[in-house]
Amino acid sequence: MKISEVCELLEAKIICDTKQDHTLVEKGYSSDLMSDVLTLDTDHLLLITGMCNLQTIRTAEMAEVRYVVFVRNKKATKEMIALATEHGICLMESPYTMFKASGLLFSAGLKPVY
Amino acid sequence: MELNFSIEGGDFTQAGQASSRVKAVLKQLGVNTKCIKSIVIALYEAEVNVVAHAYKGWINIQIDKDKIRIVITDEGPGIPDIGKAMEEGFSTASKKVREMGFGAGMGLPNMKKNTDELNIETVVGESTTVTMVNYF
């Protein structure tokens, strides 16, 4: 699924790294628990989360997650955007709940991790 | 090559800086991508553990041709029951730590999963030393 399609489905806007908006993601993972994200071994992953802080970006960096969408209208801080930019992580913001966002992406063909 | 870092307990804005630096160094050295991911995830979990549980800590990293040896020592409460702490889901983390997305009792098991050798020495009320070795 293209990142541009993710944005369209979730009414999300890219707030960092717009160059990647035509890149593909294969799987989605929804979690507010960074410890769980760190157990994943999946490439081309989209992380759907309401956990919006610096450690979310650090977790994405370590777990090689290149795309993160913040749900429930969570807003990334300047520090988060700076860190994500440094590590080439694409950040998006959506007004939808995690349940709704996950459901829409799943219905549109985004695969689960397991 | 040797790298050293210090960690302040409770300062979540700093957690991950050492892991980030190590990741960059290993990339420069041309280490296998999967191997780098395992190492930095284990180190990041260890950093978060020190920030979450200890007063302060130190990281010593030695990188050789065929392996990386990471030693994390802290001044902190120690681990009363290592066997229990290694169980998935067991955690003594505070509410603040949980609010950051950690403290689910996944840290130590995940460190074990991502290292070739993991050794934990702890003195309750004083300190914990975690040694992790990964072969390239």
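Residues numbered from 1 in each chain as written. Chains lettered and ligands numbered in written order. Predicted model: local features only at pLDDT ≥ 70, side-chain atom pairs only at ≥ 80, totals over all residues. Heavy atoms only, no water.

The name given to chain B in an unreviewed UniProt entry is Anti-sigma regulatory factor (Ser/Thr protein kinase), with Mangrovibacterium diazotrophicum as the source organism.

For chain A, an unreviewed UniProt entry supplies the name DRTGG domain-containing protein and the organism Mangrovibacterium diazotrophicum. The heading Subunit (unreviewed entry) in the UniProt record of chain A holds the text "Homohexamer." (UniProt positions renumbered as here; feature names shortened; annotations may be inferred.)

**Re the interface of chain B and chain A**
If you look at the interface, chain B gives 24 residues, while chain A gives 21 residues. Buried area between chain B and chain A, both sides added, is near 1,900 Å², and the carbon and sulfur share of it is 53%. Summed over the three residues of chain B that lose the most area to chain A, namely Lys23(B), Lys37(B) and Tyr44(B), the buried surface amounts to 28% of that side. Our count for the contact surface shared by chain B and chain A stands at three salt bridges. (Contact = heavy atoms within 4.5 Å. Buried area = accessible area lost by both parts, 1.4 Å probe. Salt bridge = Lys/Arg side-chain N within 4 Å of Asp/Glu carboxyl O.)

**Side note on the sheet that holds strand E1 (residues 13-16) of chain A**
Residues and elements named next belong to chain A. Read across the open sheet, the six strands follow the order E1-E5-E4-E3-E2-E6; overall the sheet is mixed. On the outer flanks of this sheet lie E1 and strand E6 (111-112), each paired with one strand and no other. Pairing between strand E2 (residues 27-30) and strand E3 (residues 45-49): four bridges, direction parallel. Bridge pairing links Ser 30 to Ile 48 in E3. Sheet strands in contact with helix H1 (residues 3-10) are E1, E3, strand E4 (67-70) and strand E5 (90-93), and its direction is about 15° off that of E5. (Pairing = 2+ DSSP bridges. Helix = DSSP H or I, 4+ residues; strand = E, 2+ residues; numbered from the N terminus. Axes fitted to C-alpha atoms, helices over the stretch in contact; angles between N-to-C directions.)

**Re the packing of aromatic side chains**
Tallied over the entire structure, the rule returns one aromatic pair over all chains. Each ring, one from Tyr44(B) and one from Phe102(B), has its centre 6.0 Å from the other, and the planes form 80°; the classification is edge-to-face. With Tyr44(B) in helix H2 (residues 33-53) and Phe102(B) in the loop between helix H4 (95-99) and helix H5 (107-113), this pair connects stretches of sequence that are 58 residues apart. In this structure, Lys100(A) packs its charged tip against the face of Tyr96(A), placed 4.1 Å from the ring centre. (Phe/Tyr/Trp six-rings, centres within 6.5 Å; stacked < 30°, edge-to-face > 60°. Lys NZ or Arg CZ within 6 Å of the ring centre and 35° of its normal.)

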